[in-house]
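Topology and contacts: notes
Listed below, chain by chain, are the residues.
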Amino acid sequence: MADPYHNNIYHQGDGDSYGTYGQGGQDGYGYQTDYPPQEEDAASDATEGHDEEDQMYEGEYQGIPHPDEVKAARRAARAKARTVADAVSEQEELAEQYEDIMEDCGHGKFQWTLFVVLGLALMADSVECFVVALVLPSAEKDMCLSHAEKGMLGLIVFLGMMFGAFIWGGLADKVGRRKCLIIVLAMNCISAFFSSFAQGYGFFLFFRLFSGIGIGGSVPIVYSYFSEFLQMNKRGEHLSWLCMFWMMGGIYASFTAWGIIPRYGWGFSMGTEFQFHSWRVFVLVCALPAITAFVGLIFMPESPRFLLENAKHDEAWMILKQVHDTNWRAKGEPERVFTVTHIKIPKTQEDEFIEIQTATGTAFQRWVVRTLTLTKLVNHKKTISLLLLLVVYFSFYGLSVWFPDMIKHLQHEEYESKLKVFHREKVEQFHFNFSLENQVHKEGEYINDKFIDIEMKSVKFEDSLFVDCFFENIRSTETIFENCTIRSTVFYDTDLYEEKFIDCTFENVTFLHNKKGCHLDYEEENDVLVYLVSFLGSLAVLPGNIISALFMDKIGRIKIIGGSMLISAGCTFFLFLSFSQAAIIAWQCLFCGVSVAAWNGIQVITVELYPASKRATAFGVLNAICKLAAILGSSIFASFVGITKVIPILLSFVALVGGGVLALKLPETREKVLL
């Protein structure tokens, strides 16, 4: 029986047949569709009673061209460009064919469903960046963390994400986008669960590292995955809309932290060894985006472009047909037929050395070969893309850490300005039944005094004498006794352990039922400003996200990136004008709102610069290097807190201006098919 679609072959331009779809043999795979043959004048149930010639396109009266005419014009323009070019590589030819298929599949229900699922995965990555910073003020007291341990906890997540991006980006090009993303999200969910119950610092650190390694692969996979379901004229806009989920992740993390962590009663305890405070509930809640994305991905197909690159043509054809039918049914045109019958197969172009190493070499040799192969793809334009990413990550993360640290520094300066100093006071037979806060007591004498049921916060006793005193049920924060003499004194049920006594002399002193661990009054210790700054900083990127999405395909990636970076550089100088807490929050919001457009543009152009076979690998390597830039930026900027504000501002300004100039040397990719 003759193939009912034997003559249903696409035509491009002036009679240039869509030959690779209609050629069999070694260059093509043919597909027999499951539709029955139709007579020429047969009509489907959906169109019965309508004369096709009598139907009028509703935009015709307004001079709006029919979508099919626009699509035909785009194809004719691309065909003309190919004829003008001296030579068209097989990779470019395959990219053109895939673009034509995606245009026929349309943009609709399938892409929007995938958009939500992948957006939730990107949201999980954003939440992971915020979660440690938001729980640290509570976790440091719950687990008695030193300054070094707090720094390591903040660093370990970015280190995990750096290695995760490198590892999972490469695997996504070998194993598949969907499969790797499912594993990545599963790792994040499992790690979040176990880290919320981990009581010791070591276990908590390990699970946060494991979580970072997992979720670190989400960014390169998500952008590569989604871009391969988008046609050229939709790619920049919808990849930019996808970036909105990163903003939503920051809002979700800060909003839920604000609502959960200060609620001390939301936890429980099992004796003194197991504590589950409200910040641990927050860690669990932060896994919800990853869990939802994981469930959604189960129902999503693999990228057909990945399958074609790996010679899985039957699976790719079935998925493309699924995309086509899903979109056109949702648009009310179920009678549209997926007319692709043949797809040309890509030829393997690996050299003999790579083939031998892949088959017989060790794992390290295979990794070296793949890395060397990837470096061959990097030209000066792609190097510029890398430099721009480094600039954005260095400046954005550096200032993102510097802003809240400066707010804390200003708060600390204001707090210290209200310090009360008591010199050579002598107190005898007195009952202290009120809390002591922000005080320094020098060369005092306390004889037969009682300190019962009180809190000591930021209190220092220096060169003082305690004789026949009684301390009971004391809760202390940043309280120390330095060079004091303590005689015939009892400490009962207090958290005044030996580390809080520096160079002190003890004579007949008794410690009974000392409290173990650090104890936190959540209502007083959790400053809502921490959550407010995070929330406002995340919300401030909304205008930049909207502008970049609306204009990414209209004015181009280069103008978006360059303009955003130069305006962001200008925003940093506003910091010289005013330096109050309110001003810093305002400048942070302004900087985040403007710089996010450059961020989105660079993400889009990075996807478009690399071919499908190396896209996730290249994106993963770039993202890993940029995570390193983020670590360096955070460390460098934080080191100047309390010392000078000039250097961080100048560093950001120079980096952003240089990045804006470099952006002009990038190629414009908005009218190029995805290789």
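Note that the structure is a prediction, hence the values are computed from the model and not measured.

On to the side chain of serine 126, then. Mapped onto the fold, serine 126 is located in helix H4 (residues 109-142). The class for serine 126 is buried, based on a relative accessible area of 0%. Setting aside residues up to four positions removed in sequence, serine 126 forms contacts with Trp246, Gly249 and Gly250.

Here the focus is the nonpolar core. By size, the foremost hydrophobic cluster in this structure holds 137 residues, and its most contacted members are Leu118, Leu181, Tyr223, Leu242, Phe282, Leu297 and Tyr397. Counting residues per element, this core draws most heavily on H4, at 19 residues. Here tyrosine 223 is in contact with Leu122, Leu239, Leu242, Cys243, Gln603, Val607 and Phe619, once residues within four sequence places are set aside. Counting 20 residues, the second-largest nonpolar core is a separate cluster that includes Phe461, Phe466, Ile474 and Ile486.

Before going further, it helps to spend a moment on the confidence of the model for the chain. Looking at the chain as a whole, the pLDDT averages 76, with 75% of positions reaching at least 70. Ranking the helices and strands of the chain by mean pLDDT puts helix H11 (residues 288-298) first, with 94, and strand S2 (residues 16-17) last, with 38. In the model, residues 31-62 has pLDDT below 50 throughout and makes 32 contacts with residues more than four positions away in sequence or in other chains. Every residue in residues 520-526 is under pLDDT 50, and counting partners more than four places away or in other chains gives 22 contacts.

Now for a nonpolar patch on the surface. A cluster of nonpolar side chains, contributed by Phe573, Phe576, Leu628, Leu632, Ile636, Val646, Ile647, Leu650 and Leu651, occupies part of the molecular surface with about 670 Å² of accessible area. The topology assignment puts leucine 632 in helix H22 (residues 615-638). Classification of leucine 632 as partly exposed rests on a relative accessible area of 45%.

Evaluation of the coordinates by the stated rule reveals 17 salt bridges. Residue glutamate 309 pairs with arginine 305 through a salt bridge whose shortest N-O separation is 3.6 Å. Of this pair, glutamate 309 and arginine 305 both sit in helix H12 (residues 304-309), four residues apart, which is roughly one turn of that helix. Between aspartate 553 and arginine 557 there is a salt bridge whose closest N-O contact spans 2.8 Å. Judged by its relative accessible area of 0%, arginine 557 falls in the buried class. Residues joined in a network through salt bridges with shared partners are Asp173, Arg177, Glu228 and Arg615.

As a packed pair, helix H8 (residues 218-227) and H22 sit with axes 8 Å apart at the nearest point and diverge in direction by 145°. The handedness of the crossing between H8 and H22 is right-handed. Side by side, H8 and H22 meet where Val219, Pro220, Tyr223, Ser224 and Ser227 of the first sit next to Arg615, Ala616, Phe619, Gly620 and Asn623 of the second. Tallied by class, the residues present in the contact of H8 with H22 amount to five nonpolar, four polar and one charged.

Take the pairing of strand S14 (residues 470-477) next. Here strand S12 (residues 450-462) pairs with S14 via seven bridges, running parallel. The residue bridging isoleucine 454 from the neighbouring strand is isoleucine 474, located in S14.

Okay, the packing of H4 against helix H7 (residues 201-215) next. As a packed pair, H4 and H7 sit with axes 10 Å apart at the nearest point and diverge in direction by 150°. As summarised for this structure, H4 and H7 are arranged roughly antiparallel, according to the angle between their axes. Both H4 and H7 take part in a crossing whose hand is left-handed. Between H4 and H7, the contacting residues are Ala121, Ala124, Asp125, Glu128, Val131 and Val132 on the first element and Arg208, Ser211, Gly212 and Ile215 on the second. For the contact of H4 with H7, the per-class residue count stands at five nonpolar, two polar and three charged.

On the basis of which strands lie adjacent, the open sheet formed by five strands has the order S8-S11-S13-S16-S19 and parallel pairing. A strand with exactly one partner marks an edge of an open sheet, and here the two such strands are strand S8 (426-428) and strand S19 (505-507). The average undirected angle you get between the axes of adjacent strands in this sheet is 5°.

Moving on, we get to helix H21 (residues 581-609). End to end, H21 covers 42 Å across 29 residues, agreeing with the expected 42 Å (1.5 Å per residue, within 8%). Maximum bend of H21: about 30°, positioned at serine 595. Of all the 29 residues making up H21, 25 are buried; the element is thus mostly covered by neighbouring parts of the structure.

With the rule as written, the count across this model stands at 36 aromatic pairs. The interplanar angle of 45° and the centroid separation of 5.2 Å between the aromatic rings of phenylalanine 110 and phenylalanine 229 together place this pair among those described as tilted. One end of the pair, phenylalanine 110, is in helix H4; the other, phenylalanine 229, is in the loop between H8 and helix H9 (232-260), and 119 residues separate them in sequence. Per residue, the accessibility class of phenylalanine 110 equals that of phenylalanine 229, and both read buried. Just above the ring of tyrosine 98 sits the side chain of arginine 305; from NZ or CZ to the centre is 5.1 Å. It is arginine 336 that lies over the ring of tryptophan 328; its NZ or CZ is 3.9 Å from the centre.

So, how was this worked out
Residues numbered from 1 in each chain as written. Predicted model: local features only at pLDDT ≥ 70, side-chain atom pairs only at ≥ 80, totals over all residues. Heavy atoms only, no water. Helix = DSSP H or I, 4+ residues; strand = E, 2+ residues; numbered from the N terminus. Buried < 20%, exposed > 50% of the residue type's maximum accessible area, 1.4 Å probe, protein only. Contact = heavy atoms within 4.5 Å. Core = buried A, V, L, I, M, F, W, Y, C linked by side-chain atoms within 4.5 Å. pLDDT = per-residue confidence, 0-100. Patch = residues over 30% accessible without salt bridge, like charges linked within 9 Å, V, L, I, M, F, W, Y side chains within 5 Å. Areas by Shrake-Rupley, 256 points an atom, 1.4 Å probe, with all protein chains shown as cover. Salt bridge = Lys/Arg side-chain N within 4 Å of Asp/Glu carboxyl O. Axes fitted to C-alpha atoms, helices over the stretch in contact; angles between N-to-C directions. Left-handed = near helix turned anticlockwise from the far one by under 90°. Nonpolar A, V, L, I, M, F, W, Y, C, P; charged D, E, K, R; others polar. Pairing = 2+ DSSP bridges. Parallel < 35°, antiparallel > 145°, perpendicular 65-115°, else oblique. Expected span 1.5 Å × (residues − 1). Bend = angle between axes of the 7 residues up to and from the residue. Phe/Tyr/Trp six-rings, centres within 6.5 Å; stacked < 30°, edge-to-face > 60°. Lys NZ or Arg CZ within 6 Å of the ring centre and 35° of its normal.

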